[in-house]
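Topology and contacts: notes
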Amino acid sequence: MKFGLVGTGYWARVTHGAVLAREPGVDFAAVWGRDADKTAALGKQFGIDAFTDFTEFLSDVDAVAFAVPPDVQAELGARAAGAGKHLLLDKPIATSVADAQRLVEAVDRAGVSTVVFFTGRFAETNRQWLATVDGGDWEGAWARWIVSAFAPDSPYASSPWRREKGALWDVGPHALSMLTAALGPVEAVTADGGKGDLVHLIFRHVRGATSTASLTLNAPSAAINVELSLWGPSGLSTMPRSTSTPEDAYGVALRELLDNVSAGERSHPCDVHFGASVVRTLADAEEQIAAKGRSRRS
């Protein structure tokens, strides 16, 4: 299958591009970017065609992998779906409910296959753990994604969309994707903000459990902590530290998209519809945090 890559940044180069270039069954054929020089450089790196015209780019591929800010992804993903291209999307699929819904509608009209890359959901260690807790009598969970994304040596330090949208939209999808995998879909969220981009979320899941998540991209290096634990009558179960690299996990997501396309299958546990449900939950939380902030200032 001929794949094209949308994006030329760090994540596009070291994860998406590297895996597309080595995966059997994939003809990594093209890249599109807004910056002509960066696009040409990535094209040269992988020996593929470089495009700055998106329509021309789409005419050269069968499927598209995305590594761009979510607002850009939502718009271009809808165009790609409309052109009949299968989509390997990144999280979050958008940062507004309206944009996510337009993308879902474009996918549904075109009947194309989609997978959204929630890294943890495709990591083998995490999958093994989720299999052990599946069906358990869990009453609740807590998650903490306390990370330092903007340290001088971070590859994401210059990411404008992460600085604008903060932890809620960057690592929030990771936490939510794992909590829903363990406890089921979320029916309601309660949210409040702390210092900087720190947010605290309470989720009510449709099966009756509740969970919490605390998130920030601005933690001091000594305080970095990523954890998720479930609790209930049978005890406590903590998600193990993943031994998979992002490239390993991306390879799994890519192969599952290829398998779905081959089988004519359109649904996937992490497809565009699941991606849209994550956007709806996070948008609700964002609105609550903003309203509480306005109330405190008034």
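Scroll up a little and you will see the structure.
Computed from a prediction, not measured in an experiment: that's the story for all the values here.

**Brief notes about the packing of aromatic side chains**
One pass over the structure, following the stated rule, counts 10 aromatic pairs. Relative to Phe54, the ring of Trp32 has its centre 5.5 Å away and its plane inclined at 80°; by these criteria the two rings are edge-to-face. Taken together, the positions of Trp32 in strand E2 (residues 27-32) and Phe54 in helix H3 (residues 54-58) put the pair 22 residues apart, joining distant regions of the chain. Overall, Trp32 belongs to the buried group, its relative accessible area being 8%.

**Re the nonpolar core**
Ranked by size, the top nonpolar core spans 98 residues in total, and within it Phe3 and Ile93 carry the most contacts. The element that contributes the greatest number of residues to this core is helix H10 (residues 272-297), accounting for 9 residues.

**Quick look at the pattern of salt bridges**
The full count for this structure, using the stated rule, is 9 salt bridges. As a salt-bridge pair, Lys165 and Glu286 come within 2.9 Å of each other at their nearest N and O atoms. Highlighted residues: Lys165 in helix H7 (residues 160-170) and Glu286 in helix H10, separated in sequence by 121 residues. Residue classification places Glu286 among the partly exposed positions, given a relative accessible area of 27%. Counted as one network, the salt bridges with shared partners bring together Lys91, Arg162 and Asp170.

**What about the packing of H7 against helix H8 (residues 172-183)?**
Describing two packed helices takes the angle between their axes plus the distance from one axis to the other. Packing of H7 against H8 brings their axes to within 6 Å, and their N-to-C directions diverge by 10°. If you check the angle between H7 and H8, you find them roughly parallel. Facing Ala167, Leu168, Trp169 and Asp170 of H7, the residues of H8 in contact are Gly172, Pro173 and His174. Taken together, the residues of the contact of H7 with H8 sort by class into 4 nonpolar, 2 polar and 1 charged.

**Re the layout of surface pockets**
For the second largest pocket, the calculated volume is near 250 Å³. Lining of the second largest pocket is provided by 18 residues; of these, Lys165, Gly196, Asp197, Val199 and Ile289 occupy positions nearest its centre. Mapped by element, the contributors of at least two residues to the lining of the second largest pocket are H7, strand E8 (186-193) and H10. Top contributing element to the lining of the second largest pocket by residue count: H7, with 7 residues.

**Here's the deal with the sheet that holds E2**
Taken in spatial order, the 6 strands line up as E3-E2-E1-E4-E5-E6 in an open sheet, and their pairing is parallel. Both edges of this open sheet fall to strand E3 (49-51) and strand E6 (114-117), since each of them pairs with a single strand only. Between one strand axis and the next, the sheet turns by 20° as a mean value, whatever way the strands run. Where strand E1 (residues 2-6) lies against E2, 5 bridges are found, and the strand directions are parallel. Paired with Val6 across the two strands is Trp32, which belongs to E2.

**Details of the side chain of Arg162**
Its location among the elements puts Arg162 in helix H7. Of the residues examined, Arg162 reaches a relative accessible area of 14% and is grouped as buried. If near-sequence neighbours (up to four positions away) are discounted, Arg162 is found in contact with Phe150, Tyr156, Asp170 and Leu217.

**What to know about unusual backbone geometry**
Of note, the amide linkage connecting Lys91 to Pro92 takes the cis form, showing an omega dihedral of -20°. For Pro92, the position within the fold is in the loop between strand E5 (86-90) and helix H5 (97-110).

**Quick word on the pairing of strand E9 (residues 199-205)**
The side-chain alternation of E9 yields one buried face, formed by Val199, Leu201, Phe203 and His205, and one unburied face, formed by His200, Ile202 and Arg204. Relative to E9, E8 is paired through 7 bridges, and the arrangement is antiparallel. If you follow Asp192 over to E9, its bridge partner there is His200. Joining the antiparallel neighbours E8 and E9 is a turn of 5 residues, in which Gly196 adopts a positive phi near 60°. Both E9 and strand E10 (residues 210-216) contribute to a ladder of 6 bridges, which runs antiparallel. Residue pairing across strands places Leu201 opposite Ala213, the latter belonging to E10. Count of turn residues in the E9/E10 antiparallel hairpin: 4 residues, of which Gly208 carries a positive phi of about 110°.

Criteria and thresholds
- Residues numbered from 1 in each chain as written.
- Predicted model: local features only at pLDDT ≥ 70, side-chain atom pairs only at ≥ 80, totals over all residues.
- Heavy atoms only, no water.
- Phe/Tyr/Trp six-rings, centres within 6.5 Å; stacked < 30°, edge-to-face > 60°.
- Helix = DSSP H or I, 4+ residues; strand = E, 2+ residues; numbered from the N terminus.
- Buried < 20%, exposed > 50% of the residue type's maximum accessible area, 1.4 Å probe, protein only.
- Core = buried A, V, L, I, M, F, W, Y, C linked by side-chain atoms within 4.5 Å.
- Salt bridge = Lys/Arg side-chain N within 4 Å of Asp/Glu carboxyl O.
- Axes fitted to C-alpha atoms, helices over the stretch in contact; angles between N-to-C directions.
- Parallel < 35°, antiparallel > 145°, perpendicular 65-115°, else oblique.
- Contact = heavy atoms within 4.5 Å.
- Nonpolar A, V, L, I, M, F, W, Y, C, P; charged D, E, K, R; others polar.
- 1 Å grid on protein atoms, 1.4 Å probe; cavity = no way out; pocket = protein on both sides within 12 Å on 5 of 7 lines; lining within 4 Å.
- Points joined across faces, edges and corners; volume = space filled by probe spheres on them.
- Pairing = 2+ DSSP bridges.

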